[in-house]
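What follows is each chain in one-letter form.
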Amino acid sequence: MAAPQSQSKVVEWIDHRLPIFTFMRHELHEYPTPKNLSYWWNFGSLAGIMLVIMILTGIFLAMEYTPNVDLAFDSVERIMRQVNYGWLIRYIHMNGASFFFIVTYIHIFRGLYYGSYKAPRELLWMLGVLILLTMMATAFMGYVLPWGQMSFWGATVITNLFSAIPVVGNDIVTWLWGGFAVANPTLNRFYALHYLLPFVILGIVGLHIMALHTHGSNNPLGIDRKGPQDSIPFHPYYTVKDAFGLGVFLIIFAVFVFYFPNLLGDPQNYIRANPLQTPPEIVPEWYFLPFYAMLRSVPDILFIKAKLAGVIAMFSSIFILFVLPWLDTSPVRSARFRPVYKWVFWLLVIDVLVLGYVGAHRPEGWYVFTGRVATLYYFVHFLVLIPLIGIFERPLPLPTSISAAVTKGGGKLAGAAARMEKP
Amino acid sequence: MAETARPGPMDAHGPEGGTRRDFLSLAATAVAGIGAACAVWPLITSMNPASDTLAAGAPIDIDISGIQPGQQIIVLWRSRPIFIVHRTPDQIATLKADKDAGQLRDPNSSADQQGAYAKNVYRSIKPELLVLVGICTHLGCVPEFTPQPGSISPNWPGGYFCPCHGSRYDLAGRVFQNVPAPYNLPVPPYHFVSDTVIRIGENPPDSTFDFNSIEQI
Amino acid sequence: MLKLTLAIIAALTLAAPALRAQEEATPPLPHQSWSFEGPFGTFDRAALQRGFQVYDQVCSNCHAMSLLSYHDLSGIGFGENEIKAIAAQKQVTDGPNDQGDMYQRPGRASDHFVAPFPNDQASRAAHNGALPPDLSVIVYAREGGADYVYDLLTGFSDPPPGVKLRENMNYDKYFPGHQIAMPPPLSDDIVTYSDGTKATVAQEAHDVVTFLAWAADPHQEDRKRTGAKVIIFLLVMTGILYAAKRKIWAEVH
């Protein structure tokens, strides 16, 4: 960090009128961060960087893309073949979506494991869920733009979902489509919204970081910082750690972009959209598979038809995350000290992976039953297990403080009696 | 909340520890900077003309046999209008006499707006055929073909009149004085592949004229 | 924590092929060895040019490749004059002329590959209702990629006993459903290679699939080369950053 006098007169002049330099020094340099953050805390910054990469590549793609049903597919292929480095920008954007979701999902599961959603970070968590929702909308619309078979049919299936809404469902779908089916008006508006939403995400991320900086990061022990001995300044410790994590991440990302650019995609989307021919299997991109499985699993329930029930289940699976801070009754944050919850967490991870696997296959035979069990389990986890575990679980004793735990070898009991930390 | 760890990490723990960390930090920042620059480069260069745009800018062959004396046709080359005029013997004689040279900004075509093969009073390979880039060197409008003597003004010898800001050029595309345009209309690279076909976008075999080097398109 | 990482990697590796589950029981695709596969794969220029010849003389009678332009052929080693000559052999619809009519003119390097039919309907009409797909990205648009296209081209045979072919259909071992509207397109010496290579069906199929694999992704050699440079740079950069991280964190640990 530069010493004050080497900060030029220009910097001082600006800072006196608009304190961005003071702000950056406070929020990036001096900002106190728990000293015991593990590499699971890298994923937030990775997500932020992926957002920037997606916006940058997206803008340059937008310079060459044509949002018209007769020209869209060809314009994307033109980018791949004729535009200088167009193939690179497109493959980065295409695989970037997948990697954006990978880091975001890991970031979310980190939060679930360590209780980062608990007080006083409930709003931080809810903003995060809002970011996830917006990401999903953005990714869905972005996938439509190349106007391949999966683009078109995925759009048809998902927009048709809204017809499940009683009374106004069909009108909503017509309104979404701008016509009688997914067609040119739909493509154009999806393009406009796909360009817009990432900047909305940017705004929500700003709020997300503001909320974070109010109370600072959680940490693997789940206990609050007690004083300066528990913290280190964000710069240079976490800037260099985040940079290193970014390097590792970029290597993996580069392997996909340069050597397996189509591995996560679907060959059907290299076929121009044909409204008269449905592909043998309509499958969304992998990051939507668990939700897709839920959508298809739910049978008729009482007076609610399966179609509507599936839609409700799918959206509920995300909305339930909003209220998680209030569903979890445990006074302890981190799963490190919650022996029962720790196993239940991993069961949830397996459940989500099973749902993803089911979502990739036709809803026939064994997949139907498994899908239903897995969907039911998801809701049981949040609505039954989480509240009950919090009440009946006997957590392990918490360390007295972060620095005590760190100096004594990481997370173990420091001495005799240890106080339980109230969130 | 201004709590930070007490031993500052930036304090040099002895000169060797401090220098090594500074070197590493410097190396890390430099390498990351190079990486970022290399990452941004493809984005910037993607805005340069794409392969198909460049291919579409390849030379085109135009059949001039159908152009009547005194007639102009306009074709597109590299998205620009190209004027092709079949000049009449009267027009050729007027140019040869060059009586209005004193009213022109650059009667001898000294500015680099044409290849050496077009650096003559006709500004063309053959006097009967004029080939010009039809973009006014002022601000880019397409000048009107006004070959009729006396049509714009009493002493008008024939040529071009640009409606946007009033620039005037003669029948060899040379710009008049006291008009906003600074340069003669450019002559694109071209040559005769046969008596009836010209190729626009390609110089005659012995010419090294680089169209990108002209003063003003 | 390791469990989580492994679980995610496992899920992705599982999910990717699971996304494209086969629905008809075709035998597993025999794998060919392609010069362009793998991280260090490159294209055999001679095979590319022979493959283009096969496409040009055989396949292009029914199949379009509209996403390619003649000037793209510089990527398979043709020079500017060769490309002009290839393009000039084709008739391209252009216009309207000053009378308002469309007219035919010889092709130029900047033209897209001339399609055999002006639109899908004309193509269907000529093929008993079947539509020969555009081949520009066929290797990416089919599960199994280059192997699938090769196996399909070489997989024609008489139907096994008990299988009745529908009208105008042909039996192919690897086409889903086994009944394909395309008759076997390749036969020995259906083309005469200018470089003298013996034109067996296997050779023709190998060459044309090499060409099609190039056509689907003409920049893939460049992509793999650039990838090697990028990953090496990233490894170095990450190494330096790791050293910096360890140094900076030394006091805290």
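Residues numbered from 1 in each chain as written. Chains lettered and ligands numbered in written order. Predicted model: local features only at pLDDT ≥ 70, side-chain atom pairs only at ≥ 80, totals over all residues. Heavy atoms only, no water.

A. Fine view of the overall build of chain A. When helices and strands are tallied, chain A shows 16 helices and two strands. Rg of the C-alpha trace for chain A: 24 Å, near the compact-globule value of 22 Å for 423 residues, within the 12% margin. A separation of at least 24 residues holds for 79% of the contacts in chain A among residues at least 6 apart in sequence. In the form shown here, chain A has an accessible surface area of approximately 18500 Å², with 73% of it arising from carbon and sulfur atoms. Once the 29 positive and 22 negative side-chain charges of chain A are each reduced to a mean point, those two points are 8 Å apart. (Helix = DSSP H or I, 4+ residues; strand = E, 2+ residues; numbered from the N terminus. Rg over C-alpha atoms; globule rule 2.2 N^0.38 Å. Contact = heavy atoms within 4.5 Å. Areas by Shrake-Rupley, 256 points an atom, 1.4 Å probe, with all protein chains shown as cover. Lys, Arg positive; Asp, Glu negative; His and termini not counted. Charge placed at Lys NZ, Arg CZ, Asp CG, Glu CD.)

B. Examining the nonpolar core more closely. One finds Phe 101 and Leu 112 of chain A together with Met 65, Leu 73, Phe 113, Val 139 and Phe 211 of chain C to be the most contacted residues of the largest nonpolar core, which totals 180 residues. Take this core: its biggest share by element is 17 residues, from helix H5 (residues 86-114) of chain A. With near-sequence residues (within four places) excluded, Phe 113 of chain C lies in contact with Phe 52, Tyr 55, Met 65, Ser 66, Leu 68, Ser 69, Tyr 70, Leu 73 and Phe 211 of chain C. One finds Val 75, Val 85, Leu 132 and Ile 198 of chain B within the second-largest nonpolar core, a separate group that totals 37 residues. (Core = buried A, V, L, I, M, F, W, Y, C linked by side-chain atoms within 4.5 Å. Buried < 20%, exposed > 50% of the residue type's maximum accessible area, 1.4 Å probe, protein only.)

C. Up close: the domain arrangement of chain A. All names here are of chain A. Each domain of chain A was delimited in the assignment, giving domain 1 (37-226 + 233-282) and domain 2 (289-410). One C-alpha centre belongs to domain 1, the other to domain 2; they are set 23 Å apart. Summed over both partners, the interface of domain 1 with domain 2 comes to about 3400 Å²; 70% of that surface belongs to carbon and sulfur atoms. The largest share of the area that domain 1 buries against domain 2 comes from Tyr 113, Lys 118 and Leu 221, three residues that together contribute 21% of it. If you look at where domain 1 meets domain 2, you find two salt bridges. Asp 328 is the partner of Lys 118 in a salt bridge, and the nearest nitrogen-oxygen pair spans 3.5 Å. If you look at where domain 1 meets domain 2, you find 14 residue pairs in polar contact (both at pLDDT 80 or more). Elements with a minimum of two residues in the side of domain 1 that touches domain 2: H5, helix H6 (122-144) and helix H7 (149-161). With seven residues, the single largest contributor to the side of domain 1 that touches domain 2 is H6. (Domains from an automatic or database assignment. Buried area = accessible area lost by both parts, 1.4 Å probe. Salt bridge = Lys/Arg side-chain N within 4 Å of Asp/Glu carboxyl O. Polar contact = N/O pair within 3.5 Å; in protein donor to acceptor, adjacent residues only side chain to side chain.)

D. Expanded view of the confidence of the model for chain C. All names here are of chain C. On average, residues of chain C score 90 in pLDDT, and 91% of them are at 70 or above. The low-confidence segment residues 17-24 (pLDDT under 50) makes 23 contacts with residues lying over four places distant or belonging to another chain. Across the interfaces of the predicted complex, the ipTM metric reaches 0.89, alongside a pTM of 0.88. (pLDDT = per-residue confidence, 0-100.)

E. Here's a closer look at the pattern of salt bridges. Considering all chains together, one arrives at 23 salt bridges over all chains under this definition. Between Glu 202 of chain B and Arg 199 of chain B there is a salt bridge, with its nearest N and O atoms 3.1 Å apart.

F. Layout of empty space enclosed by the protein. According to the stated counting rule, one finds three cavities of 30 Å³ or more in the structure shown. Approximately 40 Å³ is the volume found for the second largest cavity. For the second largest cavity, the full set of lining residues is Glu 77, Met 80, Arg 81, Tyr 91 and Tyr 270 of chain A together with Tyr 140, Ala 216, Asp 217 and Pro 218 of chain C. Here the element with the most residues in the lining of the second largest cavity is helix H4 (residues 72-81) of chain A; it accounts for three residues. Of the residues that constitute the lining of the second largest cavity, the class distribution is six nonpolar, no polar and three charged. (1 Å grid on protein atoms, 1.4 Å probe; cavity = no way out; pocket = protein on both sides within 12 Å on 5 of 7 lines; lining within 4 Å. Points joined across faces, edges and corners; volume = space filled by probe spheres on them. Nonpolar A, V, L, I, M, F, W, Y, C, P; charged D, E, K, R; others polar.)

G. The sheet that holds strand E9 (residues 197-200) of chain B, seen in detail. Residue and element names in this part refer to chain B. Pairing in this open sheet of three strands is antiparallel, and the strands run E1-E9-E8 from one edge to the other. Bordering the open sheet on either side are strand E1 (60-63) and strand E8 (190-192), each of which pairs with just one other strand. Averaged over all pairs of adjacent strands, the angle between strand axes in this sheet comes to 25°, irrespective of strand direction. Pairing of E1 with E9, which is carried by four bridges, proceeds in the antiparallel orientation. (Pairing = 2+ DSSP bridges. Axes fitted to C-alpha atoms, helices over the stretch in contact; angles between N-to-C directions.)

H. Just the interface of chain B and chain A, in detail. Each partner contributes residues to the interface: chain B has 20 residues there, and chain A has 25 residues. Approximately 1900 Å² of surface area, both sides summed, lies buried where chain B meets chain A, with 64% of it carried by carbon and sulfur atoms. At the boundary of chain B with chain A, the tally comes to one salt bridge. Notably, a salt bridge pairs Arg 78 of chain A with Asp 52 of chain B, separated by 2.6 Å at the nearest N-O pair. Seen at the junction of chain B and chain A, the total is six residue pairs in polar contact (both at pLDDT 80 or more). Going through the elements one at a time, helix H1 (14-45) and helix H2 (51-56) of chain B are the ones with two or more residues in the side of chain B that touches chain A. Broken down by element, the residue count for the side of chain B that touches chain A peaks at five residues, all from H1 of chain B.

I. Spotlight on the side chain of Ser 317 of chain A. All names here are of chain A. Within the secondary structure layout, Ser 317 lies in helix H12 (residues 306-322). The exposure class assigned to Ser 317 is buried, which follows from its relative accessible area of 0%. Ser 317 has contacts with Phe 291, Met 294, Tyr 378 and Phe 379, leaving out every residue within four places of it along the chain.

J. Representation of the state of the cysteines. All names here are of chain B. A complete count under the given rule lists one disulfide over all chains for this structure. Note on cysteine connectivity: Cys 141 is disulfide-linked to Cys 164, with sulfurs 2.0 Å apart. The sign of the S-S torsion, about -100°, decides the handedness of the disulfide formed by Cys 141 and Cys 164: left-handed. Within this pair, whereas Cys 141 is found in the loop between strand E4 (129-133) and strand E5 (144-146), its partner Cys 164 is found in the loop between strand E6 (159-161) and strand E7 (168-170), the two being separated by 23 residues in sequence. With a relative accessible area of 38%, Cys 164 lands in the partly exposed category. Sulfur of Cys 136: no disulfide; nearest cysteine sulfur belongs to Cys 162 and is 3.8 Å away. (Disulfide = S-S within 2.5 Å.)

K. Quick peek at the packing of aromatic side chains. Residues and elements named next belong to chain B. This model, assessed by the stated rule, comprises 55 aromatic pairs over all chains. When the centroid spacing of 6.5 Å and the interplanar angle of 80° are considered together, the rings of Tyr 117 and Phe 209 count as edge-to-face. One end of the pair, Tyr 117, is in the loop between helix H3 (89-97) and E4; the other, Phe 209, is in the segment after E9, and 92 residues separate them in sequence. The pair Tyr 117 / Phe 209 is uniform in exposure class, with both members buried. (Phe/Tyr/Trp six-rings, centres within 6.5 Å; stacked < 30°, edge-to-face > 60°.)

L. Fine view of the interface of chain C and chain A. Contacts between the two partners involve 52 residues from chain C, matched on the other side by 55 residues from chain A. Taking both sides of the interface into account, the surface hidden between chain C and chain A amounts to around 4900 Å²; carbon and sulfur atoms contribute 73%. Counting every contact that joins chain C to chain A gives zero salt bridges. Counting across the interface, chain C meets chain A through eleven residue pairs in polar contact (both at pLDDT 80 or more).

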